[in-house]
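Listed here are the chains, written in short residue letters.
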Amino acid sequence: DRVALLYNTSKWRTSSLGGSWKTGCMISEGRPFIAQAFERADGARHGSSDAVGGVVLIGTHFPHPSSFGKRLSDDLVLPLRLAIQAVMEASATRKVVLIADTNEFT
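Notes on the structure follow.

About the cut-offs
Residues numbered from 1 in each chain as written. Predicted model: local features only at pLDDT ≥ 70, side-chain atom pairs only at ≥ 80, totals over all residues. Heavy atoms only, no water. Helix = DSSP H or I, 4+ residues; strand = E, 2+ residues; numbered from the N terminus. Polar contact = N/O pair within 3.5 Å; in protein donor to acceptor, adjacent residues only side chain to side chain. Buried < 20%, exposed > 50% of the residue type's maximum accessible area, 1.4 Å probe, protein only. Contact = heavy atoms within 4.5 Å. Pairing = 2+ DSSP bridges. Salt bridge = Lys/Arg side-chain N within 4 Å of Asp/Glu carboxyl O.

**A closer look at the environment of Asn-8**
Assignment of secondary structure puts Asn-8 in the segment before strand 1 (12–14). Separated by 33 residues in the primary sequence, Asn-8 and Ala-41 have C-alpha atoms spaced 9.4 Å apart. Of the polar contacts made by the side chain of Asn-8, one reaches the side chain of Ser-10; its length is 2.5 Å.

Given below as structure tokens:
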């Protein structure tokens, strides 16, 4: 599987801060994710008249329920959780958007 983030470059740019993106897999060599910090292309920051400054966008593909039972275990989501935390800290951004194929009904 592959995960990609598509965005409007006239409104957003990827953060240039070190550590502002992470990629990985939820299981060995499968179910990829990407966490990327974005900044507004116009340079506006939090506290401006438009309150949306930066945001962390996560794209991920969760495993099918049959591969882990009825509940996601903490160790299964740990790589994703650590990546999100690292990108949020590196970018000093607390706003997060998760876009995921959760395989909820498979």
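**A look at the side chain of His-61**
Mapped onto the fold, His-61 is located in strand 4 (residues 55–61). Accessibility expressed as a relative area gives 12% for His-61, which makes it buried. In terms of polar contacts, His-61 uses its side chain to reach the side chain of Arg-31, at 3.3 Å. With near-sequence residues (within four places) excluded, His-61 lies in contact with Asp-1, Val-3, Met-26, Arg-31, Pro-32, Asp-101 and Asn-103.

**Examining the pairing of strand 2 (residues 21–27)**
Inspection of the sheet shows strand 2 paired to strand 3 (residues 30–40) by six bridges, in the antiparallel sense. Paired with Ile-27 across the strands is Gly-30, a residue of strand 3. Counted along the chain from strand 2 to the antiparallel partner strand 3, the turn is two residues long, and its residue Glu-29 has a positive phi close to 55°.

**Regarding the pattern of salt bridges**
Here the structure, examined in full by the defined rule, presents two salt bridges. With a shortest N-O distance of 3.1 Å, Arg-13 and Glu-39 are connected by a salt bridge. You can see Arg-13 sitting in strand 1 and its partner Glu-39 sitting in strand 3, a full 26 residues away along the chain. On the accessibility criterion, Glu-39 (12% relative accessible area) is buried. With a shortest N-O distance of 2.6 Å, Arg-40 and Asp-42 are connected by a salt bridge. For Arg-40, a relative accessible area of 12% gives the class buried.

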